[in-house]
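Commentary on secondary and tertiary structure
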Amino acid sequence: KQIFMEGEPVLTQYIVSYWTLDYINQTMPTDGIQMVVVMKRRIMNALLTTYLPSLLILIMVYCTNFFKPFFFEAIVTVNLTALLVLTTLFISVSGALPQTAYVKMIDVWLIFAQMIPFFEVLLHTMVDAMRNEEEREINHHGRTIPVVDGVAVHNGNGKENGGFLADIEDMPKNPKLAFTKDDISALNNIDEQQLVAARKAWYDSAKVNEVGVKIGEFTGKYIIPSFILLFSIFYWSYGLSYYFTDEYSL
């Protein structure tokens, strides 16, 4: 006999899409009866709690391709933080879903999302490695210090612009002095513009493999987002067509 559902088929997290009560074997009623209830998840809940946050993170990851080259540390930090957040989200979602032997669609999306910041870090590292390493800057608690022949230098006069960072053009004329404890503590008072200018000057004057850098920038700005777009079109076309197709019909 046909059974009727008195309550609403739309629940908090699920939608009851199909139900039936029938004999296990129509020719042998004594074999018993079986009840089938088919439920599917409400897609809006997954969109707001999983897909939307991961999409926003991927947008921020893509924006790192437009950072200035001398903010390399910031680029890597943003991508690694995004990878950590996506990994945490993946673990949280996987723990809340039923354990299955097969890979779920939401697992495919989150694993794909984790691969984007991973490849972005590899790409930016490769591009940065194409610059000459002869005269580089070090990162001192978020502040850059010019390095010449592997030694951090300053002018030591203590008079102009805080007196601790040498001007880039004057660096070869200045003595290579080791930082004292007082000098290091005084770095907090150095003009931020001078620090950024020091880093920018190194990147502007460094020898660069222009072909390799252009390929890397083109890959980050165009190839990777194109790949994300194609994957998203295929993923959502297949997923939504399966979601809105009833596997059972009354």
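What comes next concerns the included structure. (Residues numbered from 1 in each chain as written. Predicted model: local features only at pLDDT ≥ 70, side-chain atom pairs only at ≥ 80, totals over all residues. Heavy atoms only, no water.)

**Here we look at the side chain of N65**
Where we set the bar: Helix numbering and strand numbering both begin at the N terminus, where a helix is a DSSP run of H or I of at least 4 residues and a strand a DSSP run of E of at least 2. Burial classification: accessible surface area is computed with a 1.4 Å probe over protein chains only, and a residue below 20% of its type maximum counts as buried, one above 50% as exposed, and the rest as partly exposed. Pairs of N or O atoms are called polar contacts if they sit within 3.5 Å, as long as, within protein, a hydrogen donor faces a hydrogen acceptor (for residues adjacent in sequence, only side-chain-to-side-chain pairs). Two residues qualify as a contact provided that any one of their heavy atoms is within 4.5 Å of a heavy atom in the partner residue.
Mapped onto the elements of the fold, N65 is located in the loop between α1 (43–63) and α2 (72–96). For N65, a relative accessible area of 10% corresponds to the buried category. Of note is the side chain of N65, whose polar atom sits 3.3 Å from the side chain of H124. A polar contact of 3.2 Å, which involves the side chain of N65, links it to the backbone oxygen of G220. Non-local contacts of N65, meaning those with residues more than four positions away in its chain, are made with E120, H124, G220 and K221.

**With respect to the nonpolar core**
As a reminder of what qualifies: As used here, the term nonpolar core means buried Ala, Val, Leu, Ile, Met, Phe, Trp, Tyr and Cys residues forming a set that is joined through side-chain atoms within 4.5 Å.
Ranked by internal contacts, the top residues of the largest apolar core, which has 20 residues, are V93, I106, W109, L110 and I116. When residues of this core are traced back to their parent elements, those giving at least two are α1, α2, α3 (105–129) and α6 (210–243). Per element, the largest residue contribution to this core is seven residues, and it comes from α3. Contact partners of I106, with chain neighbours within four places excluded, come to T50, Y51, V93, L97 and Y235.

**Focus: the layout of surface pockets**
Just so we agree on the cut-off: Using protein atoms alone on a 1 Å grid, points that fit a 1.4 Å probe yet trap it form a cavity, whereas open point sets bounded by protein on both sides within 12 Å along at least five of seven lines form a pocket; residues with an atom within 4 Å of a point count as lining. Grid points are joined across faces, edges and corners, and a volume is the space filled by probe spheres set on the points.
Approximately 1400 Å³ is the volume attributed to the largest pocket. If you trace the largest pocket, you find 38 residues lining it, with K40, R41, M105, Y242 and Y243 closest to the centre. In terms of residues, the lining of the largest pocket owes the most to one element, α6, which gives seven residues.

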